[in-house]
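# Architecture and fold: a report
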Amino acid sequence: MLELPESQVMADQLNRTIKGKTIKSVTANQSPHKFTFYFGDPQKYDSLLSGRQVGEAYALAGQVEIALGDARLLFTDGANIRYLKEGEKPPVKHQFYSEFTDGTALVTTVQMYGGIHVFLEGQNDNPYYLVAKEKPTPYMEEFNRAYFETLYESVKQNISVKAFLATEQRIPGLGNGVLQDILFHAGIHPKVKIENIDETKRDILFKSLKKTLLEMKEKGGRDTEKNLFGVYGGYQTYLSKKTLEEPCPKCGGWISRQAYLGGNIYFCPKCQPLDGR
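Residues numbered from 1 in each chain as written. Predicted model: local features only at pLDDT ≥ 70, side-chain atom pairs only at ≥ 80, totals over all residues. Heavy atoms only, no water.

### As for the sheet that holds strand E1 (residues 23-28)
Note on sheets: strands pair through backbone hydrogen bonds, and any given pair is parallel or antiparallel. The strand order across the open sheet formed by 4 strands is E1-E7-E8-E6, and the pairing between neighbours is antiparallel. The open sheet is flanked by E1 and strand E6 (79-84), the only strands paired with a single partner. Neighbour-to-neighbour, the strand axes of the sheet open up by a mean angle of 15 degrees, direction not taken into account. As defined by bridge partners, strand E7 (residues 96-100) adjoins strand E8 (residues 105-110) across 4 bridges and the pair is classed as antiparallel. In the sheet register, Glu99 faces E8, and the bridge partner there is Ala105. (Pairing = 2+ DSSP bridges. Helix = DSSP H or I, 4+ residues; strand = E, 2+ residues; numbered from the N terminus. Axes fitted to C-alpha atoms, helices over the stretch in contact; angles between N-to-C directions.)

Next comes the structure, spelled out in structure tokens:
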């Protein structure tokens, strides 16, 4: 799933790979998928995009937007975007396929859920898109300690730290996936109520958030997610489905997994005590 580091990596790869190419044709919704969400009529995407030259790609939190003149192509967090070399065949089933005049192509598939939006600039009123454009991300200087404190003070203090960081688009693009290592490095259990996180611990959490996300981006994304070329990222996750059977890298104890708030959380009971001590 596209989260903050993967969208940054993907945008950079798109700029180095397809920027300047001209779109020859577009096929959208070739394999209907119940949880693929299109903006407008996907059957009109070909007429909207064909003949346009690819401009800059931007990371918008956990989304990637590509400029094509006054049109925009947007992929949301569940879209799997792959670049195909000339002559390379696309998967049999796909939700979006754009061929360029040089024979290369961009193909997108959706497994669980995801969005593929084509629209003219200014048309997209989707709230997730708008908030991603408006709010600063942890990669920006504006996302500083003072800003983080305003987020903390804006919510009810009896919610968990997972609910605070990874729900309600308070920090767009920060999802359940990247959350695990952020909390692990901060020594905070995902279920701890934020009212039990004192100022010193909040400072540790803020620094872990910034540092962990930066490392994920610099290493090409997480090792649980694939990039534009179908290659897993170079950041080795500490807590994920890939490390569940391994001992805690800090204390050597066993990692726990639980279902919580619509996804699995991973934590070390010793290094991340639920009582917050």
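Here the narrative resumes.
### Regarding the UniProt feature "domain: FPG-type" (unreviewed entry) in the chain
Mapped onto this numbering, the UniProt entry annotates "domain: FPG-type" (unreviewed entry) at residues 230-273. For residues 230-273, helix accounts for 0% and strand for 23%, while the C-alpha atoms at its two ends are 37 Å apart. (UniProt positions renumbered as here; feature names shortened; annotations may be inferred.)

### Some thoughts on the environment of Glu153
Considering the arrangement of structural elements, one finds Glu153 in helix H4 (residues 145-153). Sequence separation of Glu153 and Thr108 is 45 residues, and the distance between their C-alpha atoms is 39 Å.

### Some remarks on the pattern of salt bridges
If you walk through the whole model with that rule in mind, you get 12 salt bridges. Between Arg145 and Asp203 there is a salt bridge, with its nearest N and O atoms 3.2 Å apart. One end of the pair, Arg145, is in helix H4; the other, Asp203, is in helix H7 (residues 199-218), with 58 residues separating them in the sequence. Between Lys219 and Glu215 there is a salt bridge, and its shortest N-O distance comes to 2.9 Å. Here Lys219 falls in the partly exposed class, since its relative accessible area comes to 44%. Judged by its relative accessible area of 24%, Glu215 falls in the partly exposed class. (Salt bridge = Lys/Arg side-chain N within 4 Å of Asp/Glu carboxyl O. Buried < 20%, exposed > 50% of the residue type's maximum accessible area, 1.4 Å probe, protein only.)

### Thoughts on the nonpolar core
If you look at the biggest cluster of nonpolar residues, it comprises 28 residues, and the most contacted ones within it are Leu14, Ile66, Phe75, Phe96 and Leu106. When residues of this core are traced back to their parent elements, those giving at least two are helix H1 (4-17), E1, helix H2 (45-49), strand E4 (63-68), strand E5 (71-75), E6, E7 and strand E9 (114-120). Discounting chain neighbours no more than four positions away, the residues touching Leu14 are Lys19, Ala57, Val64, Ile66, Leu106 and Leu228. Within the second largest apolar cluster, 27 residues are counted, among which are Phe148, Phe164, Ile194 and Phe206. (Core = buried A, V, L, I, M, F, W, Y, C linked by side-chain atoms within 4.5 Å. Contact = heavy atoms within 4.5 Å.)

### Focus: empty space enclosed by the protein
By the definition in use, this model includes 1 cavity of 30 Å³ or more. Ile18, Ile23, Val54, Ile66, Leu68, Leu73, Phe96, Ser98, Phe100 and Leu106 are the residues that line the largest cavity. Per element, the largest residue contribution to the lining of the largest cavity is 3 residues, and it comes from E7. Classifying every residue of the lining of the largest cavity gives 9 nonpolar, 1 polar and no charged. (1 Å grid on protein atoms, 1.4 Å probe; cavity = no way out; pocket = protein on both sides within 12 Å on 5 of 7 lines; lining within 4 Å. Points joined across faces, edges and corners; volume = space filled by probe spheres on them. Nonpolar A, V, L, I, M, F, W, Y, C, P; charged D, E, K, R; others polar.)

### A word on the sheet that holds E4
In space, the 5 strands of this open sheet follow the order E2-E9-E5-E4-E3, with mixed pairing throughout. The two strands at the open ends of the sheet, each matched to only one other strand, are strand E2 (36-39) and strand E3 (57-60). Between one strand axis and the next, the sheet turns by 15 degrees as a mean value, whatever way the strands run. Pairing between E5 and E9: 5 bridges, direction antiparallel. When the bridges of E9 are listed, Arg72 appears paired with Phe119. In the packing of H1 onto the sheet, the strands contacted are E3 and E4, and the crossing angle to E3 comes to about 175 degrees. Strand contacts of helix H3 (residues 127-134): E3, E4, E5 and E9, with the helix running at about 85 degrees to E4, the strand carrying the most contacts.

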